[in-house]
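Report on the structure
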Amino acid sequence: MAPFSEADIPDLSGRIAIVTGGNSGIGKQTVKVLLANGAKGYLAARSEEKARQAIDEIHAADPATKKGTVEFLKLDLSEAKKAKAAAEDFKS
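Everything numeric in this text was worked out from a predicted model, so none of it was measured.

**Considering the sheet that holds strand β1 (residues 16-20)**
The parallel open sheet is built from three strands, whose spatial order is β1-β2-β3. Of all the strands in the sheet, just β1 and β3 (69-74) have a single pairing partner and so form its edges. Taking each pair of neighbouring strands and ignoring which way they run, the sheet shows an average axis angle of 25°. Examined bridge by bridge, strand β2 (residues 40-45) and β3 share six bridges and lie parallel to one another. Within the sheet, the bridge partner assigned to Tyr42 lies in β3 and is Glu71. Sitting on the sheet, helix α2 (residues 48-61) touches β2 and β3, and the angle it makes with β3 is about 165°.

**Focus on the environment of Ala87**
By secondary structure assignment, the location of Ala87 is in helix α3 (residues 80-91). A residue is classified by how much of its surface remains accessible, and Ala87, at 38% relative accessible area, is partly exposed. Residues Ala87 and Thr69 lie 18 residues apart in sequence; the distance between their C-alpha atoms is 19 Å.

**Re helix α1 (residues 25-36)**
Three or four residues apart is the spacing at which side chains of an α-helix point the same way, because the helix has 3.6 residues per turn. Between its first and last C-alpha atoms α1 spans 17 Å; for 12 residues at 1.5 Å apiece the expected length is 16 Å, and the two agree. Along α1, the residues that are buried comprise Gly27, Val31, Lys32, Val33, Leu34, Leu35 and Ala36. Each element contacted by the buried residues of α1 is listed here: β1, β2, α2 and β3. One or two positions beyond α1, positive phi appears at Gly38, with a value near 90°.

**Here's the deal with the packing of aromatic side chains**
Per the counting criterion, the structure on display carries one aromatic pair. A ring pair is formed by Tyr42 and Phe90, whose centres lie 5.0 Å apart and whose planes are at 85°; its orientation type is edge-to-face. Of this pair, Tyr42 sits in strand β2 while Phe90 sits in helix α3, and the two are 48 residues apart along the sequence. Overall, Phe90 belongs to the partly exposed group, its relative accessible area being 32%.

**Some remarks on the layout of surface pockets**
Volume-wise, the largest pocket comes out at about 170 Å³. Taken together, Thr20, Gly21, Asn23, Ala44, Ala45, Arg46, Ser47, Lys50, Leu75, Asp76, Leu77 and Ser78 form the lining of the largest pocket. Broken down by class, the residue content of the lining of the largest pocket amounts to four nonpolar, five polar and three charged.

Calculation notes
Residues numbered from 1 in each chain as written. Predicted model: local features only at pLDDT ≥ 70, side-chain atom pairs only at ≥ 80, totals over all residues. Heavy atoms only, no water. Pairing = 2+ DSSP bridges. Helix = DSSP H or I, 4+ residues; strand = E, 2+ residues; numbered from the N terminus. Axes fitted to C-alpha atoms, helices over the stretch in contact; angles between N-to-C directions. Contact = heavy atoms within 4.5 Å. Buried < 20%, exposed > 50% of the residue type's maximum accessible area, 1.4 Å probe, protein only. Expected span 1.5 Å × (residues − 1). Phe/Tyr/Trp six-rings, centres within 6.5 Å; stacked < 30°, edge-to-face > 60°. 1 Å grid on protein atoms, 1.4 Å probe; cavity = no way out; pocket = protein on both sides within 12 Å on 5 of 7 lines; lining within 4 Å. Points joined across faces, edges and corners; volume = space filled by probe spheres on them. Nonpolar A, V, L, I, M, F, W, Y, C, P; charged D, E, K, R; others polar.

Structural data, given as C-alpha cells:
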C-alpha cells in the first residue's frame, strides 16, 4: 500500500474546516493544503495579528491556496468559557 500524500486529497470545494493553531507549524501547513484543495478554512488562533500574518504568508508561498477561502476565528482554549465563545461566534 502506497503512503498517503497531499496528492491523494480530493477536491474540498464546499467543505468547511476549522484548524486550531493554524498560524504556525503543522496547523499552518494544514490550512495551506486545505485551501489548495478548495476548502473554506477557519484559522483558529488567539492572536488575530498572527493569524492574518500567517494567512498572508500562506497565500504568498502558494498561489494555489487562492482556490479556497480562509477566515480568522478567535479561539483561546485556556478557559472553557473562551472556547464556548468561539463556538458561538462560529455558529453565528
